[in-house]
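What follows is the residue order along each chain.
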Amino acid sequence: MSKHISKVLRGALVALTAAGVVGGAAVAPAGAATQGKGSHAATQAALDGLVAAGMPGVAAGTWTPKETWSGSAGYADTATKRERTAGDHFRAGSITKSFVATVLLQLEAEGKLSLDDSLERRLPGVVKGNGYDPDKITIRQLLNHTSGVHDMVYTPEWDKEMNGPGFFEHRYDIKTPEQIVAMGIKYGPDFEPGKGWRYSNTNFVLGGMIIEKVTGKPYAREVERRIVKPLGLKETTFPGTDPKLPAPHPVGYSKLYVPNPGPQIYDATEYRPSWSGATGEVVSTSGDLNRFYSALLQGKLLPKKQLDAMLTTVETGEHYTYGLGIISRKLSCGVQVYGHDGVVWGSLSGAAGTRDGKHMLTFNINGDWLDQSPPFENMFEGEFCGTVAKPTKSQAVFGPVNR
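Residues numbered from 1 in each chain as written. Predicted model: local features only at pLDDT ≥ 70, side-chain atom pairs only at ≥ 80, totals over all residues. Heavy atoms only, no water.

**Q** Break down the packing of helix H4 (residues 96-109) against helix H10 (residues 201-215) for me, with residues and values.
**A** Axes are the key here: two packed helices are described by the angle between their axes and the distance separating the axes. Packing of H4 against H10 leaves a shortest axis separation of 10 Å and a crossing angle of 40°. Taken together, the axes of H4 and H10 lie oblique to each other. For the pair H4 and H10, the crossing hand works out as left-handed. Taking contact as the criterion, the partners of Lys-97, Val-100, Ala-101, Val-103, Leu-104 and Leu-107 in H4 are, on H10, Asn-201, Phe-204, Gly-207, Gly-208, Ile-210, Ile-211, Val-214 and Thr-215. Of the residues belonging to the contact of H4 with H10, the class tally is 9 nonpolar, 4 polar and 1 charged. (Axes fitted to C-alpha atoms, helices over the stretch in contact; angles between N-to-C directions. Helix = DSSP H or I, 4+ residues; strand = E, 2+ residues; numbered from the N terminus. Parallel < 35°, antiparallel > 145°, perpendicular 65-115°, else oblique. Left-handed = near helix turned anticlockwise from the far one by under 90°. Contact = heavy atoms within 4.5 Å. Nonpolar A, V, L, I, M, F, W, Y, C, P; charged D, E, K, R; others polar.)

Next comes the structure, spelled out in structure tokens:
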């Protein structure tokens, strides 16, 4: 590490003491009926459990036809002790994927493309060489991660430039979708198209490029025109190259995705989200995301044929199945919920709702180093089942940014 980088890291280091980060109530035991009808005691217990697990702060918002509820734990800013609120704007990361998939499905409903169109037909010459056959990769496979296209996040180039000390050197760089895709396809396919499943952010960068190719407009402008404005999502933005967040927002605390991180925690609030683009750019609030997923699940954004296709999931080998830009979880009480998670620097988010779109949950954590997923999964268990399940070793750990 150069002296320059060491100086930058020291300057960015956030002084978080154990007392400032860790606290909150203990998580309720598995099976405990802690949340009665109209109550959110188990959801609050799950919020407290995330702070007890070492997260700086977390805020959640829920919606049903009868009520809205919000809760929080920990801090938006550990130095000033400013608390998290449901009105906080946050980087929602891969929740962007649900917006992108919705636009592509709308385009299919309009007869402007088919999910079974090949990548080569829609983006000729963009993916080639290194073992790729773009004639055999379909839009559907991009959207459900069965394409085999390698994830740019899992490359030495990404790791060098956007993880660890590289983050502070490169976070204000501007990247084009073509540059991001090239970073991923420099490496060969993970498997033949349709012959496996692996989450790949490159898939949705390509999806955004297809939207622009078909409509003549950047994917974000189409999302705004087709979804954001019609639904009145006034707090939802696609900032492009703007590194700042609208107020109010929490500090985004990060360990920068280095292997075996130590206790050092850094302020990663600002960066240019062109690094993420169509795979993880969106900035929103819990209220707006609840409104979006509720409208989506109620069929207000897609015809039945396209919505059914979106919610048709494939096995992943994880504790969830995956549709077209959407995650499905079957909870311990038998309830099935649909939404997406988002992981970017300094931010972990989750959003989900019941199939009828009448019960919604969105939450955001302003820290990105949660070691295991059980405290995260407890948010869904708490809100939709009224209990907080015991952690199990079978649940997956969080991977790199942009999950």
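**Q** Can you lay out the packing of aromatic side chains for me, pointing to particular residues and giving the numbers?
**A** Going through the model one piece at a time under the given rule, you end up with 17 aromatic pairs. Ring geometry for Phe-167 versus Trp-345: centroids 5.8 Å apart, planes at 35°, classification tilted. Of this pair, Phe-167 sits in helix H8 (residues 166-170) while Trp-345 sits in the loop between strand S11 (336-344) and strand S12 (347-354); the two residues are 178 residues apart in sequence, bridging distant segments of the chain. The exposure classification of Phe-167 matches that of Trp-345, with both residues buried. Taking the centre distance of 6.1 Å and the plane angle of 50° together, the rings of Trp-197 and Tyr-322 count as tilted. (Phe/Tyr/Trp six-rings, centres within 6.5 Å; stacked < 30°, edge-to-face > 60°. Buried < 20%, exposed > 50% of the residue type's maximum accessible area, 1.4 Å probe, protein only.)

**Q** Give a description of the pairing of strand S13 (residues 360-365) that names residues and reports values.
**A** For S13, the tally of buried residues reaches 6 of 6 residues, placing the bulk of the element in the interior. Burial along S13 is two-sided: Met-360, Thr-362 and Asn-364 facing one way and Leu-361, Phe-363 and Ile-365 facing the other are all buried. Relative to S13, S12 is paired through 6 bridges, and the arrangement is antiparallel. Along S13, the bridge assignment pairs Gly-353 with Met-360. Once S12 ends, the chain turns through 5 residues before running back antiparallel as S13, passing Gly-357 with a positive phi of about 70°. (Pairing = 2+ DSSP bridges.)

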